[in-house]
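# Chain and residue survey
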Amino acid sequence: MKAMVYYGKGDIRFEERPNPTILEPTDAIIRLTKVTICGTDLGIWHGKNPEIEQAAREKTGQWNGRILGHEGVGVVEEVGLAVRRWKKGDKVIISCVSRCGKCENCQKQLYAHCQDKDGSWIMGYMIDGTHAEYVRTPFADNSLYPLPDGLDTDAAVLLSDALPTAHEIGVQYGDVKPGQTIAVIGAGPVGMGAVLTAQLYSPAEIIVIDLDDNRLAMAKEMGATQTINSGKVDAVAEVMRLTAGRGVDCAMECVGYPATWDVCQRIVKEGGHLANVGVHGQSVNFEIEKLWIKNLTITTGLVNANTTDMLLKACCAHKLQPGKLATHHFQFSQMEDAYKVFKHAAEHKAMKVIIEY
Ligand SMILES: [Zn+2]
Ligand SMILES: [Zn+2]
């Protein structure tokens, strides 16, 4: 089969690979029908995760590349002997987090940190991922969702990662409540997911901050009440102006840079929440000397995907319409072009690139 394989910093190749096979009785093999590329895939390509090669070498003594991707929908091709919930031909949504359901962390619904060797976020990371014709999904009974016939498949692929991440790590950890003023810093796919899923809780004001006017315009369409281009104005001063000097109840950091963290820690009001969603590659300046007195809650995390099912139902009921985030469509044979466009997303006015088979 064809697959997009990561070999090292700056080195990905669209090449022929052997089809995956069932390794554990709880596995399923899925034939992909639609996938998307995540910022995390780009991060791996840019060399942010040297641990991928290190872990492979420690485990097997060799490095043969890693198929990227942890988002997608498809059709069950084959199931292991212990799989009860699925059979060949079932249409499914793949969760980016695999869960054994038995370990200490799974018992606590902390699926992001499932302790099994095949648990947590491992697809397209510690095992081969979805940017291929077929993928092996561990713990199939716990880690796949039924893809309803009526659901827009562009929306469905966003249920693999972008929407649950935004909802759980941004909106739920940020404790968004009716009437609140919230700020989303970073209008990428996850920031947009936060704008969309925050509205399930009726905040009064949603302020979105980004450097890209095109993304800010899209944020307005998705439900932002105010937008700020932090390249043109001082974002902190502007948030204070818009909130009569009070700041926001919840600031969601959806980028992962020191500068965006700084904005968040300076705009969150006393008693508020700072929900960090961004994947950081370096330390930030944590102004504890100013924050200690403010009775804040600061949260971080990796998605548990424990709200995927409720988000799926909200999508099916059209209470949540993330399909509009899919701005570009490619055929699987154009995978390299899809990566190029997503890498230069601003230039191409791209939000989510969707790859069809
Ligand atoms: Zn992702
Ligand atoms: Zn587990």
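Residues numbered from 1 in each chain as written. Chains lettered and ligands numbered in written order. Predicted model: local features only at pLDDT ≥ 70, side-chain atom pairs only at ≥ 80, totals over all residues.

Okay, the environment of L144 next. In this structure, L144 sits in strand β8 (residues 144-146). Contacts of L144, omitting those with residues within four sequence positions, involve A28, W86, V92, I93, I94, S95 and T137. (Helix = DSSP H or I, 4+ residues; strand = E, 2+ residues; numbered from the N terminus. Contact = placed C-beta atoms within 7 Å.)

This brings us to helix α8 (residues 213-222). What α8 keeps buried is the set R215, M218, A219 and M222. Angular distribution of buried residues about the axis of α8 spans 105°; they occupy a single face of the element. Where α8 is buried, its residues contact α7 (189-198), β10 (205-210) and β11 (226-229). Phi turns positive one or two residues past the end of α8, at G223, with a value near 130°. (Buried ≥ 20, exposed ≤ 12 C-beta atoms within 10 Å, placed from the backbone. Arc of directions from axis to C-beta.)

It is worth spelling out the sheet that holds strand β12 (residues 248-253) at this point. Taken in spatial order, the six strands line up as β11-β10-β9-β12-β13-β14 in an open sheet, and their pairing is parallel. Lying at the two open borders of the sheet, with one neighbouring strand each, are β11 and β14 (297-299). Neighbour-to-neighbour, the strand axes of the sheet open up by a mean angle of 15°, direction not taken into account. Pairing of β10 with β11, which is carried by four bridges, proceeds in the parallel orientation. From the neighbouring strand, I207 faces β11, where its bridge partner is Q226. Against the sheet, α7 touches β9 (181-185), β10 and β12, its axis set at about 160° to β9. (Pairing = 2+ DSSP bridges. Axes fitted to C-alpha atoms, helices over the stretch in contact; angles between N-to-C directions.)

Counting residues in each nonpolar core, the largest one holds 110 residues, and the members touching the most others are A183, V184, I185, V195, A251 and M252. With six residues, α7 is the largest single contributor of residues to this core. Looking at which domains feed residues into this core, each of domain 1 (2-161 + 305-356) and domain 2 (163-299) gives three or more. Residues within four places of M252 in sequence aside, it is in contact with G170, G174, I182, A183, V184, I185, A194, A275 and V277. (Core = buried A, V, L, I, M, F, W, Y, C linked by C-beta atoms within 7 Å. Domains from an automatic or database assignment.)

Our next topic: the domain arrangement of the chain. When the domains of the chain are assigned, the result is domain 1 (2-161 + 305-356) and domain 2 (163-299). Averaged C-alpha coordinates put domain 1 and domain 2 at centres separated by 27 Å. Of the residues lining the interface, 20 residues belong to domain 1; the matching set on domain 2 comes to 17 residues. Among the secondary structure elements, those contributing two or more residues to the side of domain 1 that touches domain 2 are α1 (39-45) and α12 (308-316). Partitioning the side of domain 1 that touches domain 2 into residue classes produces 10 nonpolar, five polar and five charged. (Nonpolar A, V, L, I, M, F, W, Y, C, P; charged D, E, K, R; others polar.)

Here the focus is unusual backbone geometry. Backbone geometry places N295, a non-glycine residue, at a positive phi of 55°. Within the secondary structure, N295 is located in the loop between α11 (288-291) and β14. Assessed through the 10 C-beta atoms surrounding it within 10 Å, N295 is described here as exposed. Phi at A305 is positive, roughly 60°, even though this residue is not glycine. Tracing the sequence through the fold places A305 in the loop between β14 and α12. Take A305: there are 27 C-beta atoms within 10 Å of it, and that puts it in the buried class.

Reading across the sheet, the three strands line up as β2-β1-β4 and stay open at both edges, with antiparallel pairing between neighbours. Each having just a single partner strand, β2 (11-16) and β4 (66-67) make up the two edges of the open sheet. Sheet topology places strand β1 (residues 2-8) next to β2; six bridges connect them, and they run antiparallel. In the strand pairing of β2, M4 is matched with F14.

Next up on the list: helix α2 (residues 51-60). Sparse coverage of α2 is indicated by the burial of zero of its 10 residues. Two residues or fewer past α2, G61 is found with a positive phi of approximately 80°.

Further remarks concern the packing of α7 against α8. Contact geometry of α7 with α8 gives a least axis separation of 9 Å together with a crossing angle of 20°. It follows that α7 is roughly parallel to α8 by the angle criterion. Every pair of crossing elements has a handedness; the one defined by α7 and α8 is right-handed. On the side of α7, the interface is formed by M192, V195 and L196, while α8 contributes M218, A219 and M222. For the contact of α7 with α8, a count of residues per class yields six nonpolar, no polar and no charged. (Parallel < 35°, antiparallel > 145°, perpendicular 65-115°, else oblique. Left-handed = near helix turned anticlockwise from the far one by under 90°.)

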